[in-house]
Structure formats: C-alpha cells, structure tokens
Amino acid sequence: MSAVGFCGNWIIVTCDKKLFAVHTKEARDPFVFDCSTAEKKPKNTKDEKNSDGGSSEETGSDKVLAFAVSPSGKLLALTDDNKRLVLFRCEPSWHCISIRWVVRRCTSLVFTQAEEELLVADKSGDVYVFSVVEPQKEGELKMGHLSMLLALTVALDDKYIITADRDEKIRVSHLRSPYNIQSFCLGHRQFVSALQILSAHPHWLLSGSGDGTLKLWDYESGSELQSLDLRQLDETTSSEADKDKDTTVCRITSSSDGQYVAVQCDSVPILQLFTLTQKGKEKLVPHSRISLPCCPLDVNFDPEGRLWVLMDSSDAPLQIYSLTHSSWECVVHVPELNRVTKAFRPHWETLEASLRTNNRFEQLHKVTFDNVAVYLQRKQQRLEEQHLKRSGGQRAKGNKRVKKETESVTQPFA
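The present account deals with the structure reproduced in this document. (Residues numbered from 1 in each chain as written. Predicted model: local features only at pLDDT ≥ 70, side-chain atom pairs only at ≥ 80, totals over all residues. Heavy atoms only, no water.)

## Things to note about the overall build of the chain
- A count of helices and strands for the chain gives five helices and 28 strands.
- By residue count, 48% of the 414 residues in the chain fall in the buried class.
- Of all intrachain contacts in the chain linking residues separated by at least 6 positions in sequence, the fraction that spans at least 24 positions is 46%.
- As displayed, the chain offers around 21300 Å² of accessible surface, 49% of which is attributable to carbon and sulfur atoms. (Helix = DSSP H or I, 4+ residues; strand = E, 2+ residues; numbered from the N terminus. Buried < 20%, exposed > 50% of the residue type's maximum accessible area, 1.4 Å probe, protein only. Contact = heavy atoms within 4.5 Å. Areas by Shrake-Rupley, 256 points an atom, 1.4 Å probe, with all protein chains shown as cover.)

So, in structure tokens, the structure goes:
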C-alpha cells in the first residue's frame, strides 16, 4: 500500500516494505523503517497455530498494509503483511517503542482520542485493542463482524467506534461496550471503503463506497443527510457506459479545520474537493476539481491546510496544492516540497511501478446475476420443447390411426 500522511511536522510515506519520514520544517535526518529487516515473530508465541489448525509459518511479504497517526501527532503505528504491529514515537526523535503481533492481517488502524489505545481491524471482521500505555501488552478482542472490515474510526469524544465492512454496512457501537450497537448507517450498494469524521462537525460522518457514492450521515441516529454520485460529477464520463463503470472511493481526507474535504477515487486522475455547511439541505457542496497528470496513489492535508498528492511518478512523486483565490492551484517553488522530494526520490526510484500501485479494492466488487431473466429464458425453452413433443406425439398418433384404417379397408374377408 502506498500512502501519505502527517505526524506533526513529519511527512510520512509508505510504499512496499518501507516507511519514510521527512521533516518539512527543519533539515533533520530522514527516518526509514524497513519491515523486511524488522524483528521476526518468535516461534513460542501463543498463536503458533492458525485458524485452520495447521502450523503458522511466516509467509508474508513484509509489505506495509496500513498506518495511523495519533491525534497529537506524536505517535505512529503501522502493520505489515507479516502481522507485525509496530508502535513509534516521533518526537523528540524517532524511536520504535514496541513490535507486537496481530492474529490476522489488518486492514485499518486508529488511535483513540485519548491516545491510550490503538484499535486494529482485520480481514476476518474482528477488532482488537492494543494498549499504548503498556506497549508490550498483547491485544484483546474488542468486537466481531460477519464480514471483512475495510475502514475504522472513532468519534472525536471517544464515545463511539465506527466500522465499515464489505457487506455495505456501517456500524456505530459504543467504544467501552461494543456489544451495545447505537445505529447502522445503511444505503451503500457496494463495500464501504472509507470513513471520515470532520473536526468542524463532530456528529457528521462521511463515507465512500465501491458504488461510487459519497454519503453524509448523522451517525448517532443512522440517518442519511446527503448522497452524491461522484460519477455524475465527473465531466469526463460523458457516456452512460462510462457512468455505469465501477468507481471506488478509496480515500476521504479533510483539512485540519474541517472546512474542506478531498475525495480520491481508485484509478481516476481527478480529485474532487467539497466544502461543508450547516445551512440548507445540501450540506456537502462541490467546490472544485483537480485534474492530475496520472492517477494518484494517495492524498492528505498537512497541518497548514495544503493538499499533498502522492503520484506514481519517479520525476515528481509528490505535488502540493494550495487554496488561492477560491481555487486549488499546484505550487512548485516551496521549500518543504524541495526538501522532501530530494530526500524521498532515491528510495522511490528503486521501487518498481507495480509495487507502487494500489490495487486494494480490485477483488471486492460483488458481481450480480439476473436470475429472473435466466429463469424466464429456461422456462421458455422448456415450454417450446414440451410443445414440440406434444405436436410430434399427436402427429405420430395420427399416422398410426390412418395406417390402421388403411389396413382394415384393404384386408380381404375370410
């Protein structure tokens, strides 16, 4: 997974097996963490056997699967394909606090607002909680789901934990008693791939899905406030065939003040930007569109409200967009960008393009079948076959009757 984020004044980039951190304000040494050289899992751990009952061998690729930054920007956690869960402290200098192990490969991480716990969602639908205060303590099962979890977040007051799964559902549960479900946010027609709570509107939740829609919720009540089909907003998809193609919202990020929202769709070289207002029925208002030279790998806002875009390009792997005169413009001559690019480019160029590209949601789209049409077609075939059999049988009976009558007429009397 290739991703970009911010841990205080450090810009974080993950790609393949490595995590890179470059300070944007000071000329400090970059920090690089390579999962392939990290501590290996001990053979005497409790989960020596996997869920199938066989021996658990480390067959992962060490690729970084997800990372999360604490609200204060002082802590960072990442998980990789070998089921490591690594906790870092970035100030006053980078330090690896602990390396623990998860039961199954993870899909999403999030710190609580109090930064006392780290919540981890995995592919089997379970959420585990790991202590930050006791960094060597093993994780405990927090809650379970019947489907793969794809996104995870917590309310800004740590009251609720919000999970999104492959089966189109968003569940809002009480963080301290997750068996107590507050609400469900239902309405997506494909897997829910992204969640975002806005700092300016702490009771609103944004969600993105494989159905190409962006929805705004009052998550405590589960009511849908607004829904936007991003395919309809994309002016480049003029034909109906293009609008019917699968479009996946893979990233929703908001500025630190919660006023601007950027939405990235998988394999689409366009970023959609929105503003939020409490006035009127339309609370999510399209603001502008940013056309990019190639499909972005990830996007994120920095603490100053500028939008950083991670590109699949060796020449310019990072771009910055700033709001100027009510429009988002690409800025080039920025000291931070030059410093980060100079430190980051040597590592980026050594990676193959196939390793930089995200394909996380490629196999998640559900294929629907029109069973009714198939049933009606087969029924029509059966009726036609029965009709042919009946007509054939009637002709055979008629021929036999004519033959008998002919024989009776031609037979001589004794």
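## Details of the pairing of strand 21 (residues 249-254)
- Most of strand 21 sits inside the fold, with five of its six residues counted as buried.
- As consecutive antiparallel partners, strand 21 and strand 22 (residues 260-265) are separated by five residues, and within that stretch G258 has a phi angle of approximately 75°, a positive value. (Pairing = 2+ DSSP bridges.)

## Quick look at the nonpolar core
- Ranked by internal contacts, the top residues of the largest apolar core, which has 20 residues, are I12, F33, L76, L78, F88 and W94.
- Those elements that place two or more of their residues in this core are strand 1 (3-7), strand 2 (10-15), strand 3 (18-23), strand 4 (31-34), strand 5 (64-69), strand 6 (75-80), strand 7 (84-89) and strand 8 (95-101).
- Once residues lying within four places of it in the same chain are set aside, the contact partners of L76 are C7, I12, L19, F67, A68, V69, V86, L87, F88, W94 and F111.
- Within the second largest apolar cluster, 18 residues are counted, among which are L214, L230, V249 and L284. (Core = buried A, V, L, I, M, F, W, Y, C linked by side-chain atoms within 4.5 Å.)

## A few points about the sheet that holds strand 10 (residues 117-122)
- In space, the four strands of this open sheet follow the order 9-10-11-12, with antiparallel pairing throughout. The open sheet terminates on both sides in strands that have one partner only, identified here as strand 9 (106-111) and strand 12 (140-143). With direction set aside, neighbouring strand axes in the sheet form an average angle of 30°.
- The pairing of strand 11 (residues 127-131) with strand 12 spans three bridges and is classified as antiparallel. (Axes fitted to C-alpha atoms, helices over the stretch in contact; angles between N-to-C directions.)

## Considerations on the environment of R100
- Assignment of secondary structure puts R100 in strand 8.
- For R100, a relative accessible area of 6% gives the class buried.
- Sequence separation between R100 and L85 is 15 residues, and the spatial gap between their C-alpha atoms is 5.0 Å.
- When residues no more than four places from it in sequence are discounted, the contact partners of R100 are K83, R84, L85, L87, F130, S131, E134, P135, Q136 and K137.
- Among the polar contacts listed, one links the side chain of R100 to the backbone oxygen of P135, at a separation of 2.9 Å. (Polar contact = N/O pair within 3.5 Å; in protein donor to acceptor, adjacent residues only side chain to side chain.)

## Thoughts on the packing of aromatic side chains
- Counted according to the given criterion, the structure contains ten aromatic pairs.
- Arranged with centres 5.3 Å apart and planes meeting at 70°, the rings of F20 and F344 form a pair that is edge-to-face. Residue F20 is located in strand 3, and its partner F344 is located in helix 3 (residues 335-349); the two are separated by 324 residues in the primary sequence. The two residues F20 and F344 agree in class, both being buried.
- With centroids separated by 5.6 Å and ring planes inclined at 85°, the aromatic side chains of Y260 and W328 adopt a geometry described as edge-to-face. With Y260 in strand 22 and W328 in strand 28 (residues 327-331), this residue pair connects regions lying 68 residues apart in the sequence.
- With relative accessibility at 21%, the residue Y260 sits in the partly exposed group.
- The rings of W10, F31, F33, F88 and W94 are connected pair by pair, giving a single aromatic cluster. (Phe/Tyr/Trp six-rings, centres within 6.5 Å; stacked < 30°, edge-to-face > 60°.)

## Topic: the sheet that holds strand 2
- Judged by pairing direction, the sheet is antiparallel, and its four strands sit side by side in the order 1-2-3-4 without closing on themselves. Among the strands making up the open sheet, the edge pair consists of strand 1 and strand 4. Strand after strand, the sheet turns through a mean of 20° between neighbouring axes, direction not considered.
- Sheet topology note: the strand 2/strand 3 ladder contains six bridges and is antiparallel. When the bridges of strand 3 are listed, V13 appears paired with F20.
- With respect to the sheet, helix 3 is in contact with strand 2, strand 3 and strand 4, its orientation differing from that of strand 3 by roughly 160°.

## Notes on a nonpolar patch on the surface
- A surface patch of nonpolar side chains, about 260 Å² in accessible area, is lined by I181, F184 and L186.
- Mapped onto the fold, I181 is located in strand 16 (residues 181-186).
- For I181, a relative accessible area of 34% gives the class partly exposed. (Patch = residues over 30% accessible without salt bridge, like charges linked within 9 Å, V, L, I, M, F, W, Y side chains within 5 Å. Salt bridge = Lys/Arg side-chain N within 4 Å of Asp/Glu carboxyl O.)

## Some details on the pattern of salt bridges
- Following the criterion strictly, the structure yields 18 salt bridges and no others.
- Linking D81 and R105 is a salt bridge whose minimum nitrogen-to-oxygen distance equals 2.8 Å. You can see D81 sitting in the loop between strand 6 and strand 7 and its partner R105 sitting in the loop between strand 8 and strand 9, a full 24 residues away along the chain.
- For D81, a relative accessible area of 16% corresponds to the buried category.

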